[in-house]
Amino acid sequence: MVTSSCLLYTLKTLGARDENEDSHVSEFLSCSRADAAFAGAATINAAPAKRQRSHQEQAVDVGGKGMEEEEREVPKVHTEQATAHLKEEPEEGVQEWADKNPIEEQSGNERNSDNWEETQHQPKEKDTVEFTEFGGGTDDFNNVAHAKPLCDTTFGKYDICELSGDARARGGAAASVTLVSPRAPPREWTIKPYSRKYLDGLKSVTVRSVPFAEHAPPCTTRTNAAAMVIHLGGFTGNYWHDFADVLVPLFVGARRFNGDVQLLVVNLLPFWVEKYRKIFDRITRHEIVDFDKDDGGVVRCYPHVVVGYGSRKEFTIDPAADDTGGDNLTMLDFTEFLRQAYSLPRRRPIKLSSAISRRRPRMMIFERTGSRRFMNLHEVVAAAEAAGFAVTVAGRQPRASYEELAREVNSFDAMVGVHGAGLTNCVYLPTGAVLVQVVPYGRLEGIARADFGDPARDMGLRYLEYAVAADESSLMDVFGKDHPIVRDPVAVHMSGWGNVAEWYLGKQDVRINIDRFRSVLKQAMHLLQ
């Protein structure tokens, strides 16, 4: 069960609709003050009269294992070839998990550990000097105190370090990256190179700057490419988090190098990288290094190293806030990147107003296997077909490969699904296609828009939303209309994220009001004109 914690998006569900705040609606706040203030607001009885179908959000344990550091003979310096690729076999016990149908949900969009948003408002430990430049230091060798630090740790969600010049990376249990430069003041940082640094169980990498080469480990390999040190821990393995926490931030950070970047990966998951092999092959043309095992005296030297990665908003790119190396990237660039990676043929959906188009627009409807299922799926399908769509229900047939899934999704003009990780597949829809998100009951509109609504619009999709009413929810059957879970969702939110996740996301199914849903289908058809 998810630990109790309040949500910033709760404020949005209480009526606030400031567009500038929408990007933060799904971030988590510490609950101590809110719990005290609302302790008497409502009593949530989590024991229904009728026995419920059990549901527990699956957590994929991808924590890394430390390696004991060993003293070994320093190998001779050599220049690396840039053509090799990771060829490790998937580990036993994880291949079955990796082969799951990606249409099916694996776990929810949980971001409920220590709240990163709150840390932005806490006093920061001030540097002892004033900095004016970033990463490259200053040309005044007698005034190095005026060089800005290599690492930016001011954002509560993730840290980024940029080392330009003589950068030396050493892996293993005590991984470090050292910049040798008289222009950078001697300093040291402890960095968790993951897009959600506030999570527990992440490994750290030490980043430091030293003025003289004698203070840094000697190079054993030199590569003219850049390097990125990234972590594949946290929520990696949940389909939505694969994109929101890894693939989109990695695109943001690495695209500027045009493939000439080597990935030094903490907690490398070979089977996971293999699943997204087509994407990684376009990110880098160099060998992917298992940084945990890269010990034994190996010191890799690069002219430029980036430690850490992340994106300011969820599952999207904010060109005004994300550092894309001056490329001004957007989610349209990311979806085009995916189309090239998987050789997807369709860039635009059907245009019904075209005289040459006589086929019916194709609609994919996701059938979930856990919670948030359509209880009247056959009626939803019939209504969509009556509206003029050729409907396919996804999730019933396994696919031979992930590439096959991407190509199948690209063949559709519209997608419908209840809020959940399966909607992540919208990244493969052609630009201009329609995404219909069915939002479960319980004041979840804020998180639904942040997780999929805003990203869909940024991808150039036509986004529609259907909010489930109380009488369409299975919770009404279980608790009755007078129970706080049904009568007062605001109080449930105030009682803690645990109750929200357990009942509104984990133990709720939906029975769509077809009469009300027809208007959404009509809008979807109109948007394809």
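Residues numbered from 1 in each chain as written. Predicted model: local features only at pLDDT ≥ 70, side-chain atom pairs only at ≥ 80, totals over all residues. Heavy atoms only, no water.

Where we set the bar: UniProt positions are given in the numbering used here, feature names are shortened, and annotations may be inferred rather than shown by experiment.
For the protein chain, an unreviewed UniProt entry supplies the name Glycosyltransferase 61 catalytic domain-containing protein and the organism Eragrostis curvula. In its Pathway (unreviewed entry) section, the UniProt record describing the protein chain reads: "Glycan metabolism." What UniProt records for the protein chain under Subcellular location (unreviewed entry) is the sentence "Golgi apparatus membrane".

Concerning the packing of helix α9 (residues 377–386) against helix α16 (residues 514–527)
Put simply, the rule reads: Where helices are involved, their axes are fitted lines through C-alpha atoms of the stretch in contact, as for all axes, and angles between N-to-C directions lie from 0 to 180°. The helix count covers DSSP runs of H or I at least four residues long, the strand count covers runs of E at least two residues long, and both are numbered beginning at the N terminus. If an angle is under 35 degrees, it is roughly parallel; if it is over 145, roughly antiparallel; if it lies from 65 to 115, roughly perpendicular; otherwise it is oblique. Definitions for this section: a left-handed crossing has its near helix turned counterclockwise from the far helix by less than a right angle. A right-handed crossing has that turn clockwise. Throughout, a contact is declared for two residues whenever any of their heavy atoms are within 4.5 Å.
It is at 10 Å that the axes of α9 and α16 come closest, and there the two elements cross at 40°. Viewed along their axes, α9 and α16 adopt a mutual orientation that is oblique. Regarding α9 and α16, the two cross each other, and that crossing is right-handed. Judged by residue contacts, E379, V380, A383 and A384 of α9 engage I514, F517 and L521 from α16.

A word on the environment of P440
Checked against the element boundaries, P440 lands in the loop between β17 (434–439) and α11 (445–458). Taking C-alpha positions, P440 is 6.5 Å from A467, a pair spaced 27 residues apart along the chain. If we ignore the near neighbours within four places in the chain, the residues touching P440 are R372, V418, H419, V468, Y504 and Q508.

Some points on the state of the cysteines
Short version of the rule: We call a pair of cysteine sulfur atoms a disulfide whenever their separation is within 2.5 Å.
The full count for this structure, using the stated rule, is 2 disulfides. The residue that forms a disulfide with C151 is C161, at a sulfur-sulfur distance of 2.1 Å. Looking along the S-S bond of the C151-C161 disulfide, the torsion reads about 110°, which is the right-handed sense. On the criterion of sequence distance, the pair formed by C151 in strand β4 (residues 151–152) and C161 in strand β5 (residues 160–170) is long-range, its members being 10 residues apart.

Structural notes on the pairing of β5
For clarity, the cut-off: Only strands joined by at least two bridges in the DSSP assignment are considered to pair.
Note: β4 against β5, 2 bridges, orientation antiparallel. By the bridge assignment for β5, D152 is matched with I160. In terms of strand pairing, β5 meets strand β13 (residues 300–307) through 7 bridges, oriented antiparallel. Among the inter-strand pairings, S164 is bridged to a residue of β13, identified as H304. Note that β5 and strand β6 (residues 176–180) share 5 bridges and pair antiparallel. In the sheet register, R168 faces β6, and the bridge partner there is T178. Adjacent in sequence and paired antiparallel, β5 and β6 are bridged by 5 residues, among which G172 carries a positive phi angle near 95°.

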